[in-house]
Amino acid sequence: MPDIRLFGIRHHGPGSARSLAAALDAFAPDCLLIEGPPDADGLIPLAAHAAMAPPVALLVYRPDRPRDCAFFPFAGFSPEWVALRHGIAAGAAVRFIDLPHAIQLADGFGKPAEEVSAEAASGEVPDGPEPPGAAVASVEAAPAALRRDPLGELAQAAGYPDGERWWDAFVESRAGTDEDVFAAIGEAMAALRATTGPEPRETGSGQDAREEAREAHMRGAIRRAGRDGFARIAVVCGAWHVPALARHDARGQSAADAATLKGLPKTKVASAWAPWSYERLATASGYRAGVLSPEWYDTLWNHGDQVAARWLARAAALLRAEDLDASPASVIEAARLAEALSGLRGRSRPSLEDLDEAAQATLCFADPAPMALIRRKLVIGERLGATPPDSPGTPVEVDFAKVCRSLRLKPGTDAGEIVLDLRKETDLARSHFLNRLALIGIPWGTRRTARGRGTFKEAWFLSWQPEWVVDLVAASADGGTVAEAAAAQVSRRAAEATRVAELATLIGTLLDADLAEATAAVIRAIEDRAALSADVFDLMEALPPLAELARYGSVRSADTAPVRAAVRGLVPRAAAGLVAACQSLDDDAAAAAKARIAAVTGALDLLDDPELTAPWREALEALADQEHVHGRVVGRAVRLLFDARVLDTAQAGARLGRALSRAAGAGAAAAWIEGFLEDSGTVLLHGQGLLAVLDDWLCGLEDGHFTELLPLVRRTFSTIPPAERRAIGTALGNPGRAGAADALPGRFHDAERAATVLPILRLLFAPVPAESGLETPEAAP
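Throughout this description, residue numbers start from 1 for each chain and increase along the sequence as written. A pLDDT threshold of at least 70 governs which residues receive local features in this predicted model, and a stricter bar of 80 or more applies before side-chain atom pairs are shown or counted, although totals over entire chains, interfaces and linings include all residues. Water and hydrogen atoms were dropped before computing side-chain values, which therefore reflect all heavy atoms in the structure.

Along the protein chain, the regular secondary structure elements total 37 helices and 10 strands. Sorting the 781 residues of the protein chain into buried and exposed places 50% on the buried side. In this description, contact between two residues means that some pair of their heavy atoms is separated by no more than 4.5 Å. For the protein chain, contacts bridging at least 24 residues in sequence account for 74% of all contacts bridging at least 6. Values of accessible area rely on a 1.4 Å probe in the Shrake-Rupley scheme; residue burial ignores everything except the protein chains shown. If you sum the accessible surface of the protein chain, you get close to 34900 Å²; carbon and sulfur atoms cover 54% of it. Helix numbers and strand numbers start at the N terminus; a helix is a DSSP run of H or I with at least 4 residues, a strand a run of E with at least 2. Burial status follows relative accessibility: with a 1.4 Å probe on protein chains alone, a residue under 20% of its type maximum counts as buried, one over 50% as exposed, and anything between as partly exposed.

To continue, consider the packing of aromatic side chains. Between the rings of Phe, Tyr and Trp (Trp by its six-membered ring), a pair exists once the centres lie within 6.5 Å; its type follows the angle of the planes, with under 30 degrees stacked, over 60 edge-to-face, and the other angles tilted. Overall, the coordinates contain 14 aromatic pairs when judged by the stated rule. Seen in terms of ring centroids, phenylalanine 74 and tryptophan 81 are 6.2 Å apart; in terms of plane orientation they differ by 45°. Their pairing is tilted. Judged on exposure class, the residue phenylalanine 74 and its partner tryptophan 81 are both buried. Pairwise contacts between aromatic rings join Phe400, Phe433, Trp444, Trp464 and Trp468 into one cluster.

This part is about the sheet that holds strand β9 (residues 445-447). Spatially, β8-β10-β9 is the arrangement adopted by the three strands of the open sheet, whose pairing is antiparallel. Two strands in the sheet have a free side with no partner beyond their single neighbour: β8 (416-421) and β9. The mean inter-strand angle of the sheet, taken between neighbouring strand axes irrespective of direction, is 35°. Paired strands, in this sense, are two strands between which DSSP finds at least two bridges. Summarising the sheet, β8 and strand β10 (residues 457-462) pair through six bridges and their orientation is antiparallel. If you follow isoleucine 418 over to β10, its bridge partner there is tryptophan 460. Lines fitted to C-alpha atoms define the axes, with helix axes restricted to the stretch in contact, and inter-axis angles between N-to-C directions lie between 0 and 180 degrees. Contacting β8, β9 and β10, helix α19 (residues 425-439) crosses the sheet at an angle of about 125° to β8.

Here the focus is unusual backbone geometry. Between proline 54 and the following residue, proline 55, the backbone shows a cis peptide bond with an omega angle of 10°. Within the secondary structure layout, proline 55 lies in the loop between β2 (31-34) and β3 (56-62). Even without a glycine there, the phi angle at phenylalanine 365 is positive, about 50°. Looking at the element boundaries, phenylalanine 365 is found in the loop between α16 (352-362) and α17 (368-380). Residue classification places phenylalanine 365 among the exposed positions, given a relative accessible area of 55%. Phi is positive for aspartate 608, close to 55°, though the residue is something other than glycine. On the secondary structure map, aspartate 608 appears in the loop between α26 (587-607) and α27 (610-624).

Let us look at the side chain of arginine 62. Locating arginine 62 in the fold gives a position in strand β3. Engagement of the side chain of arginine 62 in a polar contact is seen with the side chain of aspartate 64, the distance being 2.8 Å. If we ignore the near neighbours within four places in the chain, the residues touching arginine 62 are Asp68, Leu105, Ala106, Asp107, Thr267, Lys268 and Val269. For the purposes of these results, a polar contact is taken to be a pair of N or O atoms within 3.5 Å, where, inside protein, one atom must be able to donate a hydrogen and its partner to accept one; residues adjacent in sequence count only when each atom of the pair is a side-chain atom.

Attention shifts here to the sheet that holds strand β7 (residues 270-275). The strand order β4-β3-β7 describes an open sheet built from three strands, whose pairing is antiparallel. Of all strands in the sheet, those bounded by a partner on one side alone are β4 (65-74) and β7. Going across the sheet, the axis of each strand differs from the next one's by a mean of 25°, ignoring polarity. Of the pairings in the sheet, the one linking β3 to β4 comprises seven bridges and is antiparallel in character. Within β4, the residue paired with tyrosine 61 across the bridge is cysteine 69.

Turning our eyes to something else, we now look at the nonpolar core. Only buried residues count toward a nonpolar core. Its members are Ala, Val, Leu, Ile, Met, Phe, Trp, Tyr and Cys residues joined through side-chain atoms within 4.5 Å. Grouped together as the largest cluster of nonpolar side chains are 109 residues, with contacts concentrated most on Phe433, Trp444, Ile597 and Trp616. The leading source of residues in this core is helix α24 (residues 536-552), at 10 residues. Core analysis: the second largest hydrophobic core is formed by 42 residues, Ala274, Leu319, Ala338 and Leu373 among them.

Here we come to the pattern of salt bridges. By convention in these notes, a salt bridge is any Lys or Arg side-chain nitrogen within 4 Å of a carboxyl oxygen on Asp or Glu. According to the stated counting rule, one finds 38 salt bridges in the structure shown. Among the ionic pairs, glutamate 357 bridges to arginine 345, the shortest N-O distance being 3.0 Å. Pair noted here: glutamate 357 is in helix α16 and arginine 345 is in the loop between α15 (328-344) and α16, with a separation of 12 residues, a long-range link. Because the salt bridges share partners, they merge into one network encompassing Glu35, Asp98, Arg210, Glu211 and Arg214.

Another point: the pairing of β4. Along any regular strand, the residues point their side chains to alternate faces of the sheet. Most of β4 is tucked away, with eight of its 10 residues classed as buried. Connecting the antiparallel pair β3 and β4 is a turn made up of two residues.

Attention now moves to helix α34 (residues 722-732). Taken together, the buried positions of α34 are Glu724, Ile728 and Ala731. One face of α34 carries all of its buried residues, which in axial projection span an arc of 60°. Along the arc lie the directions from the helix axis toward the C-beta atoms.

Along the chain, threonine 601 falls in helix α26. Beyond its immediate chain neighbours, meaning those up to four positions away, threonine 601 contacts Trp616, Leu620 and Leu640.

The next subject is the packing of α27 against helix α28 (residues 631-643). Packing of α27 against α28 brings their axes to within 8 Å, and their N-to-C directions diverge by 135°. Relative to α28, the element α27 lies oblique. Note on packing geometry: the crossing formed by α27 with α28 is left-handed. Packed against α27, whose contacting residues are Arg617, Leu620, Glu621, Leu623 and Ala624, the element α28 presents Val633, Val634, Ala637, Val638, Leu640 and Leu641 at the interface. Across the contact of α27 with α28, the residue classes break down as nine nonpolar, no polar and two charged. Working rule for angles: under 35 degrees goes down as roughly parallel, over 145 as roughly antiparallel, 65 to 115 as roughly perpendicular, anything else as oblique. Helix crossings fall into two classes, left-handed where the near helix is turned counterclockwise from the far one by less than a right angle and right-handed where it is turned clockwise. Polarity classes work like this: nonpolar for Ala, Val, Leu, Ile, Met, Phe, Trp, Tyr, Cys and Pro, charged for Asp, Glu, Lys and Arg, and polar for all others, with Gly in that last group.

Right, let's talk about a nonpolar patch on the surface for a bit. A cluster of nonpolar side chains, contributed by Val757, Leu758, Ile760, Leu761, Leu764 and Phe765, occupies part of the molecular surface with about 600 Å² of accessible area. Summarising the element assignment, leucine 758 is placed in helix α37 (residues 758-765). We classify leucine 758 as partly exposed; its relative accessible area is 38%. Patches in this entry comprise residues that are over 30% relatively accessible and not in a salt bridge; like charges within 9 Å are linked, as are nonpolar side chains (Val, Leu, Ile, Met, Phe, Trp, Tyr) within 5 Å.

With that settled, the discussion passes to the environment of valine 482. Along the chain, valine 482 turns up in helix α21 (residues 482-496). Each C-alpha atom, one on valine 482 and one on proline 395, is 8.9 Å from the other, the two residues being 87 residues apart in sequence. Here valine 482 is in contact with Val396, Asp399, Phe400, Phe433, Arg436, Leu437 and Ile440, once residues within four sequence places are set aside.

The next subject is the pairing of strand β5 (residues 93-96). Residues Val94 and Phe96 point to one face of β5 and are all buried, whereas Ala93 and Arg95, pointing to the other face, are not buried. For β2 and β5, the ladder comprises four bridges, and the chain directions are parallel. Of the residues in β5, the one forming a bridge with cysteine 31 is alanine 93.

When pLDDT is averaged along the protein chain, the result is 80, and 82% of the positions lie at 70 or above. Within a predicted model, pLDDT stands for the predictor's per-residue confidence, ranging from 0 to 100. Counting interchain partners and residues more than four positions distant, the pLDDT-below-50 stretch residues 112-148 has 101 contacts.

The residue glycine 186 is located in helix α8 (residues 180-194) in this model. In this structure glycine 186 comes out as buried when scored by relative accessible area, which is 14%. Spatially, the C-alpha atoms of glycine 186 and alanine 239 are 6.8 Å apart, while their sequence positions differ by 53 residues. If near-sequence neighbours (up to four positions away) are discounted, glycine 186 is found in contact with Val242 and Pro243.

This is the structure we're talking about:
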């Protein structure tokens, strides 16, 4: 009979890893069975490669649907990684024993395939390692009675906020490496599982059935290793599974496991090693089996005996690099305080909580800003892993490298600027590629200067960051190529968007990235939300970017017909609800409405489509006649109609006169003027009589009203360009004007003054006789 020992560990736990390393040295197994994907057994030898630097991750995916995948991250302090390296170095057989992902990713296993795809797209690891204390993945795997997080209750009884910190204090941060810890963990897990009642079978939920299949396969792998003749078999698995795997040789267990695994579907999968980062290893990234403090665990793993001094010295160096005071004396005081706190709390050495409080009190002087920097750098960390250059790549990595070669783009540390001519096929493809990368969170290229979409030139500044390799790997959860991953990202954002304006901004990025299918999906989402939306202003916000795309998108060889169709659907809805939406607005809301109205008008002028312009101008005419709408909005509507020559000078003057009448009130009149004149005073210069009406109104104000309205009027005129303001002042100061109505004609069309320059003009522009080449002034016509 082989000697089989079960080592229940917490995934990514340095205390578990240290105890496991000591136990494996003492046991010297000839076969190591590790909870992990058997589909990646062929990649195990690469773990010992000199170029392999954790954190790294195993990716298992379906080649036909790369979004159906699972990541298995490893850090240097992960017990599974320690077991891999130990087994390879000792020459032992090393195998992964979890349920193959050829089964777990197959259609029809546990839950519908569309749910599997949705889970992968959300970034969750469908079967990643689960910490027994935090009850992240293990709680989901456990029967319903255990979903209340029993270790969390134990932690609460012991005075800890959650099971994660309880486990860290009693297992990960402990100084010893004795093997008794594994027996204690197994006993604790057995007691916890005993509270769940009978084990679920086919009557359980899909998740329960999945966990039962996983444990059945792991038990079968243990029995298979025994049949293969190994004498000392070490099984490294999540602590939660230890009681279940201990039953591998129970009477009838083999038959029951075979029945559980019989008839399970299978599919074809592939696997690859990929770089990972501590940021993505952290719980905060959404990784269900993550840890709160990867960099702290790294320090525990590598500097366990001097962890306090090492961590505080790094914190002080980090602060000094930011020109903050952190003297050696402060580090000594912080170390003493951390030791004292750990003693008061009954710990053998300072924990992260002790060091955090000590650093905050002595190094940061209770300032939260430096502590945020320390936590980001020394608690979570920014470490980036690496894989051997000849190891299999993930789908998006492979596509990225292929496209870079075809477009002659080389990621590197050298930054530089390139100018693309969108009329050239290669440059257009480069632009599409850089925009797609930006959509998946890799801003390799940024536009140097703002440019209009009507130009054929595009300037990009390229600057590659090594950590983006991890983002390429993670993007494999969204597709097999950069284009597929980008489209999936945008489609997900479109599904989450609640406003039509949000969707309209996505269209621009999709056209720039040449993602036609995703564009069609977002257009459908815009039409669906617009049909149900009662927010007219939301529809109005969506129109300008859509109109710009419809007008200029063809420069990038993009099909803008769907965008024009969306605009044709939005304009009538916005026009029909414009008047009602502008009722009962306060000053701020009126200013926002005025800006939206002007933006929509400009957008429709850009398209120059009478079918769209007509209903919108009808809505503006209805708005211009409203007496109970804010003056800013009505004034802007009148101005837009006047600029479009829907209203002539007499009609605009009549509306201005009514707005400035005594019955209207001084405040309402000032608001109307602001809407009418803001940003441009040309209407006063070229609309005969309008300036006189305004001048008479201001001159007729009572002293109190004039003082009250002067700031508003000055604010309005401050938006008018200086040259126009000077021309208006000159017109008002024209000497000898007979009346206000004659101010502009007398100033800008004086026949007597014009006649004085006619002789000179005749001299300059008179025709020259062909025979002489000259002509006298008297001969000029």
